[in-house]
Amino acid sequence: MKFSKSGISTTKNTPNDAEIISHKLMIRSGMIKKLASGIYTWMPLGLKVLKKIENIIRTEMNNVNALEILMPAIQPSELWEESGRWDKYGPELLRLTDRHEREFCFGPTHEEIITDIARKDIKSYKQLPLIYYQIQTKFRDEMRPRFGVMRAREFLMKDAYSFHENEKCLNKTYEIMFQAYKNCFDKIGFEYKVVNADNGQIGGSESHEFHVIADNGEDELIFSDSSDYAINAELFSDPPKEGDICPDGSGKVKIKRGIEVGHIFKLGNNYSHSMNATVLNKNNENIKMIMGCYGIGVSRIAAAAIEQSNDENGIVWPASISPYKITLISIGYTKNNVIKKYTNDLYESLIKNGVEVLLDDRDISPGKMFSDSDLIGIPFKIIIGNKFIEDNILEFKDRKYNKTISISEEKNNKKLSNNSIKTLLNLLNK
Ligand code: ATP
Ligand code: MG
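I will try to describe carefully the structure that is included in this document. Keep in mind it's a predicted model, so treat the numbers as computed, not measured.

Overview of the overall build of the protein chain
Okay, so step 1: Helices and strands together make up the secondary structure of the protein chain, namely 12 helices and 23 strands.
Okay, so step 2: Taken across its 430 residues, the protein chain has 52% of its residues classed as buried.
Okay, so step 3: Sequence separation of at least 24 residues holds for 67% of the intrachain contacts in the protein chain that already meet a minimum separation of 6.
Okay, so step 4: Accessible surface, the protein chain as shown: approximately 20,000 Å² in total, 47% of it carbon and sulfur.
Okay, so step 5: Where the 59 positive side-chain charges of the protein chain centre and where its 59 negative ones centre are 7 Å apart.

Considerations on the sheet that holds strand β4 (residues 74–76)
Okay, so step 1: Read across the open sheet, the three strands follow the order β4-β6-β5; overall the sheet is antiparallel. The strands lining the two open edges of the sheet, one partner per strand, are β4 and β5 (94–97). Direction aside, the axes of adjacent strands within the sheet are offset by 35° on average.
Okay, so step 2: Alignment of β5 against strand β6 (residues 103–106), held across four bridges, turns out to be antiparallel. Bridge pairing in β6 places T97 opposite E103.

Some details on the coordination of the magnesium ion (ligand 2)
Okay, so step 1: Only E260 (OE) and H263 (ND1) from the protein reach the magnesium ion (ligand 2) as donors, at distances of 2.2 to 2.3 Å.
Okay, so step 2: Residue class for H263 comes out buried when judged on its relative accessible area of 12%.

Considering the site of ligand 1
Okay, so step 1: Near ligand 1 there are 14 residues, and of these E142, R151, A152, E260 and R300 occur at the shortest range.
Okay, so step 2: Separating a nitrogen atom of ligand 1 from a side-chain N or O atom of E142 is a distance of 2.8 Å.
Okay, so step 3: Within the side chain of R300, one N or O atom sits 2.9 Å away from an oxygen atom of ligand 1.
Okay, so step 4: Here ligand 1 loses 85% of its free accessible area of 580 Å² to cover by the protein chains.
Okay, so step 5: Ranked by residue count, the leading element in the shell around ligand 1 is strand β13 (residues 253–268), at four residues.
Okay, so step 6: Broken down by class, the residue content of the shell around ligand 1 amounts to six nonpolar, three polar and five charged.

A look at the nonpolar core
Okay, so step 1: With 61 residues, the main nonpolar core has M26, M31, Y181, F185, F190 and I301 as its most contacted residues.
Okay, so step 2: Top element by residues in this core is helix α6 (residues 167–188). It accounts for nine residues.
Okay, so step 3: Excluding anything up to four places from it in sequence, M26 contacts M31, I32, W42, V149, A302, A303 and I306.

So, the packing of helix α1 (residues 21–28) against helix α8 (residues 298–308)
To characterise two packed helices, one gives the angle between the axes of the helices and the distance between these axes.
Okay, so step 1: Interhelical geometry of α1 versus α8 gives an angle of 110° and a closest axis separation of 8 Å. Taken together, the axes of α1 and α8 are roughly perpendicular relative to one another. Residue-level inspection shows I21, S22, L25 and M26 of α1 in contact with α8, the latter providing A302, A303, I306 and E307.
Okay, so step 2: When the residues that make up the contact of α1 with α8 are grouped by side-chain class, the tally is six nonpolar, one polar and one charged.

Quick look at the packing of aromatic side chains
Each pair of aromatic rings is reported with the distance of its centres and the angle of its planes.
Okay, so step 1: Applying the stated rule across the entire model yields 12 aromatic pairs.
Okay, so step 2: Consider the rings of Y132 and F163, whose centres lie 6.4 Å apart with planes at 70°: the pair is edge-to-face. Residue Y132 is found in strand β7 (residues 130–139), and its partner F163 is found in strand β8 (residues 154–164); the two are separated by 31 residues along the sequence. The burial state of Y132 is the same as that of F163; both residues are buried.
Okay, so step 3: Look at F185 and F190: their rings are 6.3 Å apart centre to centre, the planes differ by 40°, and that puts the pair in the tilted class.

Structural notes on the environment of S349
Okay, so step 1: For S349, the position within the fold is in helix α9 (residues 337–352).
Okay, so step 2: When the C-alpha positions of S349 and L416 are compared, they lie 9.5 Å apart, and in sequence the two are 67 residues distant.

Focus: the pairing of strand β21 (residues 380–384)
Okay, so step 1: In terms of burial, β21 is a largely internal element, five of the five residues being buried.
Okay, so step 2: What you see with β21 is no split at all: F380, I382 and I384 on one side and K381 and I383 on the other are buried throughout.
Okay, so step 3: Here strand β19 (residues 326–330) pairs with β21 via five bridges, running parallel. By the bridge assignment, I326 is partnered in β21 with F380.
Okay, so step 4: Sheet analysis places β21 next to strand β22 (residues 393–398), joined by four bridges and oriented antiparallel. Each residue of the ladder has a partner; that of K381, found in β22, is K397.

Structural notes on the sheet that holds strand β20 (residues 357–360)
Okay, so step 1: Spatial strand order, β20-β19-β21-β22-β23: five strands in an open sheet with mixed pairing. Each having just a single partner strand, β20 and β23 (404–408) make up the two edges of the open sheet. The sheet shows a mean angle of 20° between the axes of neighbouring strands, taken without regard to direction.
Okay, so step 2: Direction of pairing for β19 relative to β20: parallel, over a ladder of four bridges. Within β20, the residue paired with I326 across the bridge is V357.
Okay, so step 3: Against the sheet, helix α12 (residues 418–427) contacts β21, β22 and β23, and its axis sits at roughly 160° relative to β23.

With respect to unusual backbone geometry
Okay, so step 1: For the bond running from L128 to P129, omega is 0°, close enough to zero to count as cis.
Okay, so step 2: Phi at F147 takes a positive value of approximately 60°, unusual for a residue other than glycine.
Okay, so step 3: Within the secondary structure, F147 sits in the loop between β7 and β8.
Okay, so step 4: Positioned with a positive phi, N284 is a non-glycine residue whose angle comes to about 65°.
Okay, so step 5: Residue position: N284 is located in the loop between β14 (278–280) and β15 (286–288).
Okay, so step 6: The class for N284 is exposed, based on a relative accessible area of 60%.

Cut-offs used in this document
Residues numbered from 1 in each chain as written. Chains lettered and ligands numbered in written order. Predicted model: local features only at pLDDT ≥ 70, side-chain atom pairs only at ≥ 80, totals over all residues. Heavy atoms only, no water. Helix = DSSP H or I, 4+ residues; strand = E, 2+ residues; numbered from the N terminus. Buried < 20%, exposed > 50% of the residue type's maximum accessible area, 1.4 Å probe, protein only. Contact = heavy atoms within 4.5 Å. Areas by Shrake-Rupley, 256 points an atom, 1.4 Å probe, with all protein chains shown as cover. Lys, Arg positive; Asp, Glu negative; His and termini not counted. Charge placed at Lys NZ, Arg CZ, Asp CG, Glu CD. Pairing = 2+ DSSP bridges. Axes fitted to C-alpha atoms, helices over the stretch in contact; angles between N-to-C directions. Donors = N, O, S within 2.8 Å, 3.2 Å for Na, K, Ca; no water. Near = heavy atom within 4 Å. Polar contact = N/O pair within 3.5 Å; in protein donor to acceptor, adjacent residues only side chain to side chain. Nonpolar A, V, L, I, M, F, W, Y, C, P; charged D, E, K, R; others polar. Core = buried A, V, L, I, M, F, W, Y, C linked by side-chain atoms within 4.5 Å. Parallel < 35°, antiparallel > 145°, perpendicular 65-115°, else oblique. Phe/Tyr/Trp six-rings, centres within 6.5 Å; stacked < 30°, edge-to-face > 60°.

Dropping the structure here:
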């Protein structure tokens, strides 16, 4: 992609409502634009990140044979009345009335819809277990939308729902999903913690949250320095303090702040009971299905990644979700034909080898090219600068550690060699 055609527009200004660094950097890099409180547009640069996150999650869900579907965002009130949540959910539920005075809501989650599908489609225990998932826009009329897409009103979630004949089968799938969630967050490259959690509005027995460790996280996580014990502090009325004996007796309490990016629940028969979702078991008896549900905040992950990884110059993307892998900064590109030809050859050849490259083809100062590349967080740069003009030397620079590696073309030859391409691809792990 050439910068001039990329739709990226960076800015120095941040709005007053941007309190935390991820929100500021998402606005400054032009990833998102605010439309209304808690409602954002994803611009081309931001959408590339969102799609990468989606793909990592989709791959892991497909790997455990979860079936992708897409349910409507607008849901009729009748199903919510059946489950008993139409009255319970409160003002976070955005309610709508159509021209025939029928009541609907914009889905904050989809248990009712999926349970309705399951009770119609699943007749026999032989079809179980079954996992459905979707990646879809949710709406929650949050009391205090803030931190940009971190706590938005409209946001993207991956939600999955599993159906079982009994608790034992649910437990098995829960373990599998637990591992799939870990795979997602490992692949992204997060530092994260899994904690025991509250069941909230959704209800059920066991549940775990996945938290990205970050100082600005809204949740306090309590964990042991010497066992797997980890729990969300909101489960205590009087939470233990750093250094106290751990509630499981295993060692000392440690405390960190986290951003909740995933939440899995054992729902049991909550919804199948109220909505009468039954199947026939081996003995031809009607039994209520047992359910699990599994959410990931797809759009929140983008903000959480920035919150965990940034510096004074901007975003430092983990390569797994970076919008581009490398920026090509070519000083004199617009003025010197030899340099232009060399740069274009390099650009084409990187693309041919599957490298996502952003060529800064703008007629602007090198300083601005460097600062934009750092602001939008691209992990690597190739610099075709003075060293190239004088000595045919390219520089390969790492965003995170600021390390530079020099690559030389042959003496007096400003032609791209196979050797330099090979070296670059090696450095990029291609
Ligand atoms: P929170 O405690 O942060 O309000 P929640 O527990 O209400 O979240 P869940 O119902 O568990 O959220 O939803 C699944 C996932 O969706 C969450 O783990 C989170 O990553 C994401 N999510 C929830 N609310 C929002 C929001 N307002 N904006 C962005 N992502 C959200
Ligand atoms: Mg939650």
